[in-house]
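Here is how the chains run, residue by residue.
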Amino acid sequence: MSNYIVLVKQVPDVSRITDNAFDPETGTLLRTRLAAVINELDTHALALANRMRQLENDPNGQIVCLTMGPPQSAEVLRYSLARAADKAVLLTDRKLGGADTWATANPLAKGIEKIIAETFNGDRDCYILSGMQSVDGDTAQVPPQIAQHLEVPCVTYATGANYNNGEFQFSRIVTGGTEVVRPLSRPAVITVADYDWPVYPSFARTRQALRTELIEWTADDIKATQTGIKGSKTRVTRVFPPGKTNRKCQQIDDVEKIQEIITDALEQQGSEKDQDQAEAKYVLPKLRESLCDRSFEGNEKELHDYQLLCSILKDMSIKDPEQIDDDVQARILEKAGKKIHKNALKSMVEGLKKAEPSYNGQVWVIAEYQNGKIIDATYELLGKARELADSLNEQVGVVVAGKSVSEYSTQLIQAGADSVYLIEHPLLEQFDPAAYRTVVADVMEKYKPQIILLAATTQGRTLGPMVSYKLDCGLTADCTGLSIADSSRKGEIGILFQTRPALGGNVMATILTKDSMSQMATARPGVMQPIVPDPSRKGEVINHKVELGEKDLSMEHIFAERKSEEAEFNVEVIIAGGKGMQNRDNYERLVGGLCDTIRQRFDVSVERGGSRAAVEAGIIERPYQVGQTGTAVGPKLYLAMGISGAIQHMIGVQNSNTIVAINTDPNAPILKQCDYYIVGNVEDIVPKLMKLLTEKSGVSR
């Protein structure tokens, strides 16, 4: 008999975010101005738990829902009780507020232990299910971190379960396909990416849910050790709406002009991105002309305040912070007027005395490979790691784990690595989260890198959280921006500023690591830029020996299937269709036809793509999904047809040189984030465009 614990969460309704949801002074989100709903993927987890109980056909199996939040979070527990849950537990305590994923996983894991001990009478034959991620965080970190705390198997991205010979097997999404796995022990954590067996409330269950007494526990009841802001390993320094685009946003009235723009985009030499003015490279304080130079503050207000202070110090011919005594501070306050407060000045002066970096060590990338080659996302992270390390005067390291991976060393060094750490063992032939966590944590503990970057793939989003929790390190998920800067007033020098979308991409957040050995982050594939490989580069290959046994494995790999159809997005042109294409026939005729026309006209590599809405409508297959929730891309030309331009989609195409949009809606968001657009029906515009391109090429169709 198995029991089930389902983690559910009350989240803001991100589909209804408006400008008045933000504090105009701080830019932070005012959650009280948004309606609260149950996290959609948690409903899928509840449905899967209910289905598993049916498959096992044991009337004694219990489903217990657990949530952590303020008292009003009881609503999601009532929702769950009305559908499938037998009992519901609410963790509610002011001490739990303001937690990051690390300080969320800890009390939830403690709550799970208490449920197993008291509700299941110590029976550990249970499954812990949750949605893959919550829409307000979008990190997918909490469930793997819970698994790490409990030291149990973790199956992520599950889409279904089968019951064979008294054991559950789970189908799950992996990079490039699907697989079926069986956890080798219980409890086991299962995160659900999609499940198509919804459960609905009955009238009787709804009435019963209203009468059911909820179990309420505080932080003290569960004996949580890491809670709230104090127990968190990261801190948010800024929350803000997505920035304004630097795209041209120029409306075009006729199809012939669009044809000319496409021609210019594909015949121009080089990349417009390369022509943009590069940001100033970070320099450590001790290497600047003066310690009073604080040009690299990561917070805009702090930067402005330090610019004012440093200007005053320059006028006073002061270059050494040690010269700033009480008398000098009084003169500074007099010159600054009311622009600098006395207490603020004291902390700023203390910050000026900080010159040594807060972290030391190499900048690392955890490599990932598939079908015998390193994936593109690893090279993208290597390019970013090289940039970060150079600004810190440090080296770049890459960790590669597997059965036999030495063949990758040379190409990783050519792509920017100074050191390659090889971890080879027969039991690492397939990705097992527990085994990989063990070996990656082991090499990190030995060499202590200051930054670790992983790709936000299914593998990276499972491995990263488990390693970070094991080593007490902060982790920021799905970053779209990584840079080195200072927070001098807090005594933090040369730290990693990690920017990522949150709340479904409706806001951006900048996050810093605290109280950690290393700063860890995952980044979406396609967002960072690789560097051109240099065959002349030399580097060091380090063989890191580990001891692994069968006891270190957490799951059995039963079956794997790679998709026969895969998109090749490393091309010069991507033509993508959205829900506005209406049906598959239109998509094939218009997108497919334009792909063929441009390929023949310009002799360039072309791939088709689609928005998430188009995929969900069955217009195109999932491997072709473009965007933050699909594949991030960066072609010379991105042509979007019938795509509205949700923030998740635009984040995924932001590295494109030129973005051209065709849309019937003059208010579509994409028109404010592209380079050129034409308002009209794709069924009218695209055939004319194909005809013009064909005539220019002299090819009859």
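Below is a short write-up of the structure. (Residues numbered from 1 in each chain as written. Predicted model: local features only at pLDDT ≥ 70, side-chain atom pairs only at ≥ 80, totals over all residues. Heavy atoms only, no water.)

Focus: the pattern of salt bridges
Line of reasoning, step 1. With the rule as written, the count across this model stands at 32 salt bridges.
Line of reasoning, step 2. Residue Lys403 is joined to Glu429 by a salt bridge in which the shortest nitrogen-to-oxygen separation is 4.0 Å. With Lys403 in the loop between β17 (396–402) and α14 (409–414) and Glu429 in the loop between β18 (419–424) and α15 (433–447), this residue pair connects regions lying 26 residues apart in the sequence.
Line of reasoning, step 3. Take Glu429: its relative accessible area is 53%, and that puts it in the exposed class.
Line of reasoning, step 4. A salt bridge links Lys514 to Asp515; the nearest nitrogen and oxygen atoms lie 3.6 Å apart. (Salt bridge = Lys/Arg side-chain N within 4 Å of Asp/Glu carboxyl O. Helix = DSSP H or I, 4+ residues; strand = E, 2+ residues; numbered from the N terminus. Buried < 20%, exposed > 50% of the residue type's maximum accessible area, 1.4 Å probe, protein only.)

Details of the packing of helix α11 (residues 326–336) against helix α12 (residues 342–352)
Line of reasoning, step 1. Across the interface, α11 lies against α12 with an axial gap of 11 Å and an inter-helix angle of 125 degrees. Of the possible angle classes, the one that applies to α11 and α12 is oblique. Crossing of α11 against α12: the hand is right-handed. Touching Gln329, Ile332 and Leu333 of α11 are Lys342, Leu345, Lys346 and Val349, all from α12.
Line of reasoning, step 2. A per-class count over the contact of α11 with α12 returns 4 nonpolar, 1 polar and 2 charged. (Axes fitted to C-alpha atoms, helices over the stretch in contact; angles between N-to-C directions. Parallel < 35°, antiparallel > 145°, perpendicular 65-115°, else oblique. Left-handed = near helix turned anticlockwise from the far one by under 90°. Contact = heavy atoms within 4.5 Å. Nonpolar A, V, L, I, M, F, W, Y, C, P; charged D, E, K, R; others polar.)

So, the packing of aromatic side chains
Line of reasoning, step 1. If you walk through the whole model with that rule in mind, you get 12 aromatic pairs.
Line of reasoning, step 2. Aromatic pair Trp102 and Tyr469: ring centres 4.5 Å apart, planes at 20 degrees, arrangement stacked. Of this pair, Trp102 sits in helix α3 (residues 101–118) while Tyr469 sits in helix α16 (residues 460–470), placing them 367 residues apart in sequence.
Line of reasoning, step 3. Its relative accessible area of 5% is what places Trp102 among the buried residues.
Line of reasoning, step 4. Taking the relative accessible area as the measure of exposure, Tyr469 reaches 6% and is therefore buried. (Phe/Tyr/Trp six-rings, centres within 6.5 Å; stacked < 30°, edge-to-face > 60°.)

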